[in-house]
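Next come the chains, spelled out residue by residue.
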Amino acid sequence: MRFIDTHKDRWHILGGEDGPPVSINPAANLLLDLAQWHAVRAQWPANLPVGLKLANDQDVEDIAADLPHASLVVLHFPKWVDGRAYSQARLLRSRYRFKGEIRATGEVLVDMVPLLARTGFDAAVLRHDQSIEAAERALSFFPAHYQGDTGDNRPLFARPGAAQKAVAKAAEFVNAGASI
């Protein structure tokens with residue numbers, strides 16, 4: 001998982017002092033909301049990368065036909081307790097087989113990072129008070145999970161022996177530490 005520094009990000013939204021522009025000229029690495037995308041998708045050049053912003057109360061099905069044009073889908077967490085974007089990411093990866101980048105924005109906390117990775121997110125813009133180092137460390141806390149995820153939909157018992165051994169080794173470590 002990548003952690004995005006918004007000051008160095010190549011993707012940019014439209015806007016200025018007076019708000020979003022009335023007309024949109026296609027340009028590389030534009031990040032558009034659904035209203036903006038629907039206004040320009042008929043004229044958008046096929047070889048020009050575009051990113052789509054999806055609010056957490058919008059249906060993924062609304063952009064399913066447009067996914068082949070998108071290089072990036074940004075899903076928003078308005079509050080850290082609102083997990084609808086997890087479901088949106090899972091649908092994008094599992095049902096619609098979206099291969100582009102899925103990015104989390106908004107109230108993204110370090111505690112959320114392992115679940116972000118399991119549900120299909122590739123990148124995240126952490127909340128301003130969160131540490132990238134802590135987020136990277138959080139990704140290594142759990143070597144395997146019993147349930148399937150977007151990387152491998154099979155439960156642990158249905159996977160080859162290597163995954164089961166990784167969980168057994170982690171359980172030995174946890175059990176050894178629990179007796180201290």
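Preceding block: the structure.
Residues numbered from 1 in each chain as written. Predicted model: local features only at pLDDT ≥ 70, side-chain atom pairs only at ≥ 80, totals over all residues. Heavy atoms only, no water.

A. Representation of the overall build of the protein. Counting secondary structure elements, the protein contains 5 helices and 7 strands. Looking at the protein as a whole, 37% of its 180 residues qualify as buried. Total accessible area on the protein is roughly 10700 Å²; 54% of this is exposed by carbon and sulfur atoms. (Helix = DSSP H or I, 4+ residues; strand = E, 2+ residues; numbered from the N terminus. Buried < 20%, exposed > 50% of the residue type's maximum accessible area, 1.4 Å probe, protein only. Areas by Shrake-Rupley, 256 points an atom, 1.4 Å probe, with all protein chains shown as cover.)

B. Inspection of unusual backbone geometry at higher detail. Positioned with a positive phi, Asn29 is a non-glycine residue whose angle comes to about 60 degrees. Tracing the backbone shows Asn29 in the loop between strand E2 (12–13) and strand E3 (30–33). Residue classification places Asn29 among the buried residues on the basis of a relative accessible area of 14%. With phi around 55 degrees, Arg97 is a residue other than glycine that occupies positive phi space.

C. Inspection of the pairing of strand E4 (residues 50–54) at higher detail. Of all 5 residues that make up E4, 4 are buried, and the element is covered over most of its length. With 4 bridges joining them, E3 and E4 adopt parallel strand pairing. When the bridges of E4 are listed, Leu32 appears paired with Leu52. Taking the sense of rotation as the criterion, the β-α-β connection linking E3, helix H1 (residues 34–40) and E4 turns out right-handed. Relative to strand E5 (residues 70–77), E4 runs parallel, the two sharing 5 bridges. Across the sheet, residue Gly51 finds its bridge partner in E5, namely Leu72. (Pairing = 2+ DSSP bridges. Right-handed = clockwise from strand over helix to strand, strands pointing away.)

The values are spatial; any link to function lies outside them.
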